[in-house]
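Geometric and topological summary
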Amino acid sequence: KRINLRMGGGASVPNFQRRPAPEVNDHMERLQRISDRKVKPVVKANSYQEVPSDYVDMIHRMKNINLFNNFNLLKPDLMPYQNLNSSVELSTNIAGTQVEIKHRSDGKYGIDLSSRGLTQLPEEICFNSNMQQCTWINLAQNKLESVEHLDVLMHLQEVYIGKVFEHGTVHGNRIGKLPSEIFQLPFLKILDVSGCSLKELPASIKNLGNIQVLSAARNQISSIPVELEQIGTLRILNLDGNVLTELPEFLSRCHSLRKLSVKNNRIVSISESLPMMEGLEVLNLHGNVLSALPESMGEFMNLSILIASDNKLRGLPSTFEGMTSLQVLGLEKNLFKFLPICIPKMDNLRMLSFNFNEIAEVSEDVGQLKKLDRLWLEGNKIAFFPETLALAPELDDLKIGGNSFTGLPDCIGQLYGMRDLNISNLSLFRLPDTFEWLYNLQRLDVSHNSLSVFPREILQLKALKIFNVDFAFRIVIRIGVANRDYYC
């Protein structure tokens, strides 16, 4: 499953000469012997000018290939394994810098220079003929203040000077402003300058005529340049973690935009004309200081995901019921005291999250959401479990922990499709007998309750995989001492 074609010897690349066929056959015989023993093979070869034809069929079955210091193997006419689903790596040393060329599953070759401690981009790398066909470069997590000579790599389509990972970590550089070399790349489609100490996006951003994805998260950008509306190809704009205070009106003219993320800024207002972005499908407003959303947002006909958690919202405009395409609505950590009346009329809603608000009552009409499969209401002040939820046939993830009710109705057993249920921190004394009907339940959290006995209904849940009972039981012990009773 793994093959290494590694050059033995020093860091310099010698004149390549094809190994004689007998040695290739020796390698193949050795591979076969290793394969028969079901051990992952590692082949160490020295100086192939091309991949031996005898290797081709075998390489197609490989999961991972490392080609150390064999640049010539990357020539398109010498790459018989371009259809591999995983990466092909070449590692070598140029000008004292370890360089990795990777072949991604999408078929694109790229240069990985991340985490090298670079203070400048070595010109020997940019002018190396073997790098000219690469279509992406990763320079994240260095100490770069400039990217001089980057424009020599004319075929670049993706440039990562910074990078934001899923868990929120940002690996950037110190460039301070968008380098002029970026605007000399005619095929550039993806640009990531996250965590690069930018204070603005220059007006020259309009010259990125083919850009589709622009990420400038975790900088100090205070405004969005109006020139963005001149980029007719921009589909994704990520400005998370900056110091924006508003979403300007001209964004409504960015008709190609599909995803806009501005979470963790200081936005206090949104332009009424914003819904004119007819193609927008995802809008992330998490972590701002919005106290209200404009009435016109109900005109977002194609919006499928709206996240406005961790703001200061107290309600939603009634026009939201017109958002017929909305499937995910995230409003955690706001100031809602009740579910907005427009919610039950959003027929296509699949996920609804109101965790950690101040909701005291849930409308009985929520059961009308026939497509709802995730409902999160943790950390509110709900006094009664809404029995009409039993009418939501698709509901499979319900989080209602941390509320005020102390009992569950029998109708909860009618949620036959439920797979994930959180009923923690509710002061429950018992579970209803109908609990055993939840035969599809896989994850159950009953922690921090006051159960007096182990609920035998749990024993009937054959699909259960995760069961959290931390601090779930109140054990009562009677101790008689000197004609007095003590209870623990």
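Only a predicted model underlies this, so the values are computations on that prediction, with no experimental measurement involved. (Residues numbered from 1 in each chain as written. Predicted model: local features only at pLDDT ≥ 70, side-chain atom pairs only at ≥ 80, totals over all residues. Heavy atoms only, no water.)

1. Re the overall build of the protein
Stated formally: Numbered from the N terminus, helices here are DSSP runs of H or I no shorter than four residues, and strands are runs of E no shorter than two. Three labels apply to residues, based on accessible area from a 1.4 Å probe with only protein chains included: buried if under 20% of the type maximum, exposed if over 50%, partly exposed otherwise in between. Contacts are assigned to residue pairs with any non-hydrogen atoms lying within 4.5 Å of each other. Working definition of accessibility: Shrake-Rupley area with a 1.4 Å probe, residue cover restricted to the visible protein chains.
Helix and strand counts for the protein come out as three helices and 26 strands. A total of 488 residues make up the protein; the buried ones form 50% of that total. In the protein, 36% of the contacts between residues at least 6 apart in sequence involve partners at least 24 apart. Roughly 23600 Å² of accessible area belongs to the protein as shown, and the carbon and sulfur atoms make up 48% of that amount.

2. Quick notes on the environment of leucine 247
Here leucine 247 shows up in strand S13 (residues 246-247). Relative accessible area serves as the criterion here: at 2%, leucine 247 is assigned to the buried category. Measuring from C-alpha to C-alpha, the distance between leucine 247 and isoleucine 267 comes to 7.3 Å, with 20 residues separating the pair along the chain. Every residue in contact with leucine 247, bar those within four places of it in the chain, is listed here: Ile224, Leu260, Val262, Ile267, Ser269, Ile270, Ser271, Leu274 and Leu285.

3. Thoughts on the pattern of salt bridges
To keep it simple, the criterion reads: What counts as a salt bridge is simple: a side-chain nitrogen of Lys or Arg found within 4 Å of a carboxyl oxygen of Asp or Glu.
A complete count under the given rule lists 16 salt bridges for this structure. Lysine 399 is the partner of aspartate 420 in a salt bridge, and the nearest nitrogen-oxygen pair spans 3.9 Å. Taken together, the residues aspartate 420 in strand S22 (residues 420-422) and lysine 399 in strand S21 (residues 397-399) connect sequence positions 21 residues apart. Under the relative-accessibility criterion, lysine 399 is labelled buried at 17%. Taken together, the shared-partner salt bridges connect Arg104, Asp106, Lys108 and Glu158 into one network.

4. Side note on a negative patch on the surface
Formally: What makes a patch is a set of residues exposed beyond 30% relative accessible area and free of salt bridges, joined within 9 Å when like-charged and within 5 Å when nonpolar (Val, Leu, Ile, Met, Phe, Trp, Tyr). Under the counting rule used here, the positive set is Lys and Arg, the negative set is Asp and Glu, and His together with the chain ends is not counted. To locate a charge, take NZ of a lysine, CZ of an arginine, CG of an aspartate or CD of a glutamate.
Taken together, the side chains of Glu361, Glu364, Asp365, Glu387 and Asp410 make up a negatively charged region of the molecular surface. Note on placement: glutamate 387 falls in the loop between strand S20 (374-376) and S21. On the basis of relative accessibility, which here comes to 49%, the residue glutamate 387 falls in the partly exposed class.

5. As for the side chain of aspartate 420
Look at aspartate 420 and you get buried, because its relative accessible area is 14%. With residues near it in sequence (within four places) discarded, aspartate 420 still touches Asp396, Asp397, Leu398, Lys399, Leu441 and Arg443.

6. Considerations on the side chain of glutamate 158
The following threshold applies: Residues adjacent in sequence count toward polar contacts only when both atoms are side-chain atoms; beyond that, a polar contact is any pair of N or O atoms within 3.5 Å, and within protein one must be able to donate a hydrogen and the other to accept it.
Relative to the elements of secondary structure, glutamate 158 occurs in strand S7 (residues 158-160). A polar side-chain atom of glutamate 158 sits 3.0 Å from a polar atom in the side chain of arginine 104. Not counting residues within four places of it along the chain, the set of residues in contact with glutamate 158 comprises Arg104, Lys108, Thr135, Trp136, Ile137, Leu188 and Ile190.

7. Regarding the pairing of strand S5 (residues 109-112)
Worth spelling out the cut-off: Pairing between two strands requires that DSSP report at least two bridges joining them.
Judged by which residues are buried, S5 turns out to be covered on both faces: Tyr109 and Ile111 on one side and Gly110 and Asp112 on the other are all buried. For strand S4 (residues 97-103) and S5, the ladder comprises four bridges, and the chain directions are antiparallel. Residue pairing across strands places isoleucine 101 opposite isoleucine 111, the latter belonging to S5. Counted along the chain from S4 to the antiparallel partner S5, the turn is five residues long, and its residue glycine 107 has a positive phi close to 90 degrees.

8. Here's the deal with the nonpolar core
Soluble globular proteins: nonpolar side chains tend toward being buried together. Heads up, the rule is: Nonpolar cores are built from buried Ala, Val, Leu, Ile, Met, Phe, Trp, Tyr and Cys residues. Side-chain atoms within 4.5 Å join them into one set.
Among the nonpolar cores identified, the biggest contains 115 residues, and Ile423 and Phe435 are the most heavily contacted of them. Sorting the residues of this core by element identifies strand S3 (88-94), S4, S5 and helix H3 (123-126) as the ones contributing at least two each. Setting aside anything within four residues of it in sequence, one finds phenylalanine 435 in contact with Leu408, Ile412, Leu421, Ile423, Leu441, Leu444, Glu457, Ile458 and Leu461.

9. A short note on unusual backbone geometry
Even without being glycine, serine 115 reaches a positive phi, approximately 60 degrees. Relative to the helices and strands, serine 115 is located in the loop between S5 and H3. One non-glycine residue with positive phi stands out, namely phenylalanine 471, at about 50 degrees. Locating phenylalanine 471 in the fold gives a position in the loop between strand S24 (466-468) and strand S25 (478-481).

10. Comments concerning the packing of aromatic side chains
Remark: the centre distance and the inter-plane angle together describe each pair of aromatic rings, the angle taken between the planes. The condition is simple: Between rings of Phe, Tyr and Trp, where Trp is taken as its six-membered ring, a pair exists when centres lie within 6.5 Å; planes separated by under 30 degrees are stacked, by over 60 edge-to-face, and by other angles tilted.
According to the stated counting rule, one finds four aromatic pairs in the structure shown. Centre to centre, the rings of phenylalanine 385 and phenylalanine 405 are 6.2 Å apart; their planes meet at 80 degrees, and the pair counts as edge-to-face. Of this pair, phenylalanine 385 sits in the loop between S20 and S21 while phenylalanine 405 sits in the loop between S21 and S22, and the two are 20 residues apart along the sequence. Per residue, the accessibility class of phenylalanine 385 equals that of phenylalanine 405, and both read buried.

11. Points about the confidence of the model for the protein
Here is the rule we go by: Values of pLDDT, the confidence the predictor places in each residue, fall between 0 and 100.
Per-residue pLDDT for the protein has a mean of 82; in total, 78% of the residues score no lower than 70. Throughout residues 7-24 the model reports pLDDT below 50, and contacts reaching past four residues in sequence, or to other chains, amount to 35 contacts. Confidence over residues 67-86 falls short of pLDDT 50; this stretch has 74 contacts with residues more than four positions distant or in other chains.

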